[in-house]
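What follows is each chain in one-letter form.
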Amino acid sequence: ATDSVKRQKMETDSIDNELKQKETELHYLKKLLQKEEKQNQTLEALVKAKKREIKELKEKLDKSNEKLKQKKQEVAQLRDKLIESSNELQQKQKRMNSLEAER
C-alpha cells in the first residue's frame, strides 16, 4: 500500500511540475504576445505616418507638375510672340531695303 501511495505521490508531483512548466510557458508566451502586439501597433503607426507623408509629397508633386505645365505654356506663348515680332521686323527691314533701293 505504501508503494502505491509513493507512486501516486510521484505521479502527482510529476503532473504538478508539468503544470507549473506549462503555466510558466503560457506566461512567457503571453508576455511575448504583448510585446509583439506593441511592436505591431508601432509599425502600424509608422505605416500610417509614411502613407500620410507619401500623400503630401504626391500633392506637392502634382502642384509642381501643374506649375511646370503653366510655365511651359507661358514659354510657348513667349516663343510664338518672339517669332511673330521677328517676322514683323524682317518685313519692315525688307520694306526699308526696297525703299532705299528705289532712291
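Every chain is numbered independently, its residues counted from 1 as its sequence is written. Per-residue local features are limited, in this predicted model, to residues with pLDDT of at least 70; the limit for side-chain atom pairs, both in listing and counting, is 80 or more; totals at the level of whole chains, interfaces and linings are taken over all residues. Calculation of side-chain values draws on the structure's entire complement of heavy atoms; hydrogens and water are dropped beforehand.

Caption draft 1: Focus on a nonpolar patch on the surface. In this scheme, patches are assembled from residues that exceed 30% relative accessible area and form no salt bridge. Like charges are connected within 9 Å, while nonpolar side chains (Val, Leu, Ile, Met, Phe, Trp, Tyr) are connected within 5 Å. All accessible areas in this document rest on Shrake-Rupley with a 1.4 Å probe, and a residue is counted as covered only by the protein chains that are shown. The salt bridge definition used is simple: a Lys or Arg side-chain nitrogen within 4 Å of an Asp or Glu carboxyl oxygen. Together, Tyr-28, Leu-29 and Leu-32 line one region of the surface with nonpolar side chains, adding up to about 300 Å² of accessible area. With respect to the element layout, Leu-32 can be found in helix α1 (residues 2-102). Secondary structure elements follow DSSP: runs of H or I no shorter than four residues count as helices, runs of E no shorter than two count as strands, and numbering proceeds from the N terminus.

Caption draft 2: View of the pattern of salt bridges. A full pass over the atoms with the stated rule returns five salt bridges. A salt bridge links Lys-71 to Glu-74, with the nearest nitrogen and oxygen atoms 3.9 Å apart. Taken together, the residues Lys-71 and Glu-74, both in helix α1 and three residues apart, mark about one turn of the helix. With a closest N to O distance of 3.5 Å, Asp-80 and Arg-79 form a salt bridge. Relative accessible area serves as the criterion here: at 43%, Asp-80 is assigned to the partly exposed category. A 1.4 Å probe rolled over the protein chains alone gives each residue an accessible area, and that area as a share of the maximum for its type sets the label: buried under 20%, exposed over 50%, partly exposed in between.

Caption draft 3: Summary view of the environment of Met-96. Checked against the element boundaries, Met-96 lands in helix α1. Separated by 90 residues in the primary sequence, Met-96 and Lys-6 have C-alpha atoms spaced 132 Å apart.

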